Amino acid sequence: MRYKITAPETLDTDVKLPASKSISNRALVIHALTGGDLMPNNLSDCDDTEVIVRALRDMPYTIDIKAAGTAMRFMTAYLAVTDSGEHVITGTERMQHRPIGILVEALRRLGADIEYTGSEGYPPLRIRGKQLDGGAVEMEGNVSSQFISAMLIAGAAMRQGMELRLTGNIISRPYIDLTLCTMRDFGAEVEWTGPNTIKVSARRYHPTSYFIENDWSAASYWYEMVALSNGKYHVRLEGLTDGSRQGDSVVRYLMSLLGVRTKFGVLDKGVPTTVTLSNHPIRLPRMEYTLINQPDLAQTMVVTCALKGIPFHFRGLGTLRIKETDRIEAMKRELAKLGFVVKSNADNDLIWDGTRCEADIHPVIDTYDDHRMALAFAPAALCFPELRINNPSVVTKSYPQYWDHLRAAGFVIEEEP
């Protein structure tokens, strides 16, 4: 299936953003470890969260988490440290080529019973769950923060707690800190005891009433639309918090450099508020930024800068090679269809020096089974009338209402075979 997208000339809309997928997935697994019945409030309804809900509710022998990377990492750790019996956890073909060996080996060193049923270092996994004693363990910190978060969440369920020492350069620290905050909200005692060491005390989680704020990653695509507008766009986003623990909330600062002003409403008894976005054009000559802590913003920022004609150099993108697709190569291929010659280097930076090529007359963006390709390229319809997006349904992985929200905002979206 394909969508043809035509953007409106003006935009004045209210958007109820989806709940944070990152917080939802953490809160769900921690909630399961409490053994309580009080489910978190305002759970995300995206695919990645739904697979965790179903897995924890039904606990089938074979758990298929489809394309949900967070679910694969978190559920692997959960199954390994609970008396949940034997399970096989698997996913899509792409998931079976996404590495998980670092997490598996760390759990094994603490006594977990996990074996590979296919290729060494990759799902599917056969896991025989049992409570672990815990203790000290090392893990590489420069591959995926989801491995680290999975270990930390599981650490509070171990008899002696856990001390996790991270080696190498630690990436995506805001996601690790988000995990620590969520754990504390459920009663865990966890803290950084050094620049690369985290201690999880032997204190169990307890049931609690928990409200999940809305998603700053989803907000980034509306920031992109306002940044690409001609000043006639005003967008109000519901459910965002000033001072959010979500790493992608930095988008408000990055987009301010591109002329997008953020205005927060008044917080009502701690309930997340409405944010109003407006465009106040600024001509930035060049943008350089290290996204090692916010890799999920890469596609948003790259597309926005290219379409605004702003040369860029984005660093810290090594993890994009092992996401739903190789996002480095996918971005280069799809931006070439829009007339931009984007390059990468040995460090997996994405660089554009202003070099252009001939754009496709009627560009069709491929999404590679990657939700963020569709989410980030759809706003390009503001610059490319009747832009087309292949396989648009991939957005259900994180933002199921995206196309409905665009239609409500005045975008014309036509389905093509």
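Just above sits the structure.
Residues numbered from 1 in each chain as written. Predicted model: local features only at pLDDT ≥ 70, side-chain atom pairs only at ≥ 80, totals over all residues. Heavy atoms only, no water.

## Digging into the overall build of the protein chain
Just so we agree on the cut-off: Comment: elements are numbered from the N terminus, with helices defined as DSSP H or I runs of at least four residues and strands as E runs of at least two. Computation of the radius of gyration draws on C-alpha atoms, with the globule rule given as 2.2 Å multiplied by the number of residues to the power 0.38. Here's how the labels work: a residue is buried when its accessible area is under 20% of the maximum for its type, exposed when over 50%, partly exposed in between, all with a 1.4 Å probe on protein chains only. Here, two residues are considered to be in contact whenever any of their heavy atoms come within 4.5 Å of each other. Here the positive residues are Lys and Arg and the negative ones are Asp and Glu; neither His nor the chain ends is included. By convention, the charge on Lys lies at NZ, on Arg at CZ, on Asp at CG and on Glu at CD.
Helix and strand counts for the protein chain stand at 12 helices and 20 strands. At 21 Å, the protein chain has a C-alpha radius of gyration in line with the 22 Å of a compact globule built from 417 residues. With the principal axes as the frame, the protein chain shows a C-alpha extent of 60 × 50 × 45 Å. Classification of the 417 residues of the protein chain by burial places 58% in the buried group. For the protein chain, contacts bridging at least 24 residues in sequence account for 73% of all contacts bridging at least 6. Of the charged side chains in the protein chain, 46 are positive and 51 negative, and the gap between their average positions amounts to 3 Å.

## A few points about helix 7 (residues 216-228)
In plain terms, the rule: Helices are assigned an expected span. That span is 1.5 Å times one less than the residue count. Each polar contact in these results corresponds to two N or O atoms within 3.5 Å; when the atoms are within protein, one needs to be able to donate a hydrogen and the other to accept it, and residues that are neighboring in sequence are counted only if both atoms are side-chain atoms.
Spanning 13 residues, helix 7 covers 18 Å between terminal C-alpha atoms, matching the ideal 18 Å at 1.5 Å per step. Here helix 7 lies mainly inside the structure; 13 of its 13 residues are buried. Where helix 7 begins, the capping side chain belongs to Asp215, and its oxygen is found 3.4 Å from the backbone nitrogen of Ser217.

## Side note on the sheet that holds strand 19 (residues 387-390)
Note the threshold: Any two strands with at least two DSSP bridges between them are considered paired.
Reading across the sheet, the four strands line up as 18-19-1-20 and stay open at both edges, with mixed pairing between neighbours. Of all strands in the sheet, those bounded by a partner on one side alone are strand 18 (364-365) and strand 20 (412-416).

## Some thoughts on the sheet that holds strand 9 (residues 190-194)
Going by this rule: Angles here are taken between N-to-C directions and fall from 0 to 180 degrees, while the axes themselves are lines fitted to C-alpha atoms, restricted in helices to the stretch in contact.
Taken in spatial order, the four strands make up an open sheet running 7-8-10-9, and their pairing is mixed. Since the sheet does not close on itself, it has two edges, and those belong to strand 7 (135-140) and strand 9, each with one partner. Taking the axes of each pair of neighbouring strands and ignoring which way they run, one obtains an average angle of 25 degrees across the sheet. Looking at chain direction, strand 9 and strand 10 (residues 197-200) are connected through four bridges and run antiparallel. Bridge pairing links Trp192 to Ile198 in strand 10. Contacting strand 7, strand 8 (162-167) and strand 10, helix 5 (residues 145-155) runs over the sheet at an angle of about 170 degrees to strand 8. Against the sheet, helix 6 (residues 173-185) engages strand 9 and strand 10, with an angle of about 135 degrees to strand 9.

## Section: the pattern of salt bridges
To keep it simple, the criterion reads: Any Lys or Arg side-chain nitrogen found within 4 Å of a carboxyl oxygen on Asp or Glu counts as a salt bridge.
Counted by the stated rule, this structure contains 32 salt bridges. Residues Arg321 and Asp326 are paired through a salt bridge, measuring 2.8 Å at the closest nitrogen-oxygen approach. Salt-bridge contacts for Glu324 lead to Arg327; the nearest nitrogen and oxygen are separated by 2.8 Å. Of the residues examined, Glu324 reaches a relative accessible area of 10% and is grouped as buried. Taken together, the shared-partner salt bridges connect Lys21, Asp48, Asp296, Lys323, Glu324, Arg327, Asp370, Arg372 and Lys397 into one network.

## Thoughts on the packing of helix 3 (residues 69-81) against helix 5
Packed helix pairs are characterised by how far apart their axes lie and by the angle those axes make with each other. Short version of the rule: In this scheme, roughly parallel covers angles under 35 degrees and roughly antiparallel covers those over 145, while 65 to 115 is roughly perpendicular and the rest are oblique. By convention the crossing between two helices is left-handed if the near helix lies anticlockwise of the far one by an angle smaller than a right angle, and right-handed if it lies clockwise.
Axis separation between helix 3 and helix 5 bottoms out at 9 Å; the angle between their running directions is 30 degrees. Considering their axes alone, helix 3 and helix 5 lie roughly parallel with respect to each other. For helix 3 against helix 5, the interelement crossing comes out right-handed. Taken together, the residues of helix 5 that come into contact with helix 3 (itself represented by Gly69, Thr70, Arg73, Phe74, Ala77 and Val81) are Gln146, Phe147, Ser149, Ala150, Ile153 and Ala154.

## So, the side chain of Gln299
Inspection of the secondary structure assignment puts Gln299 in helix 9 (residues 298-307). Aside from chain neighbours lying at most four places away, what touches Gln299 is Arg327, Met331, Asp370, Arg372, Met373 and Ala376.

## Details of the nonpolar core
Quick note on the threshold: Joining through side-chain atoms within 4.5 Å is the link that ties buried Ala, Val, Leu, Ile, Met, Phe, Trp, Tyr and Cys residues into a set, and such a set is a nonpolar core.
Core analysis: the biggest nonpolar cluster contains 74 residues, and Trp222 and Trp403 have the highest contact counts within it. Top element by residues in this core is helix 7. It accounts for 10 residues. Setting aside residues no more than four positions away along its own chain, Trp403 makes contact with Tyr3, Ile5, Ala374, Ala378, Ile389, Pro392, Val395 and Ile413.

## Observations concerning helix 6
Compared with the 18 Å implied by 1.5 Å per residue over 13 residues, the 18 Å span of helix 6 between its first and last C-alpha is a close match. Three or more residues of helix 6 are buried, namely Pro174, Tyr175, Ile176, Leu178, Thr179, Leu180, Thr182 and Met183. Contact partners of the buried residues in helix 6: helix 1 (21-34), helix 5, strand 9 and strand 10. The positive-phi residue at the C-terminal boundary of helix 6 is Gly187, with phi of around 95 degrees.

## Quick notes on the packing of aromatic side chains
So the rule is basically this: Within 6.5 Å between ring centres, the rings of Phe, Tyr and Trp (the latter by its six-membered ring) count as paired, and their orientation is classed by plane angle as stacked under 30 degrees, edge-to-face over 60, tilted in between.
Under the definition given, this model contains 10 aromatic pairs. Aromatic side chains Tyr221 and Tyr402 sit 6.2 Å apart centroid to centroid with 70 degrees between the ring planes, which places their arrangement in the edge-to-face category. You can see Tyr221 sitting in helix 7 and its partner Tyr402 sitting in helix 12 (residues 402-408), a full 181 residues away along the chain. The exposure class assigned to Tyr402 is buried, which follows from its relative accessible area of 0%.

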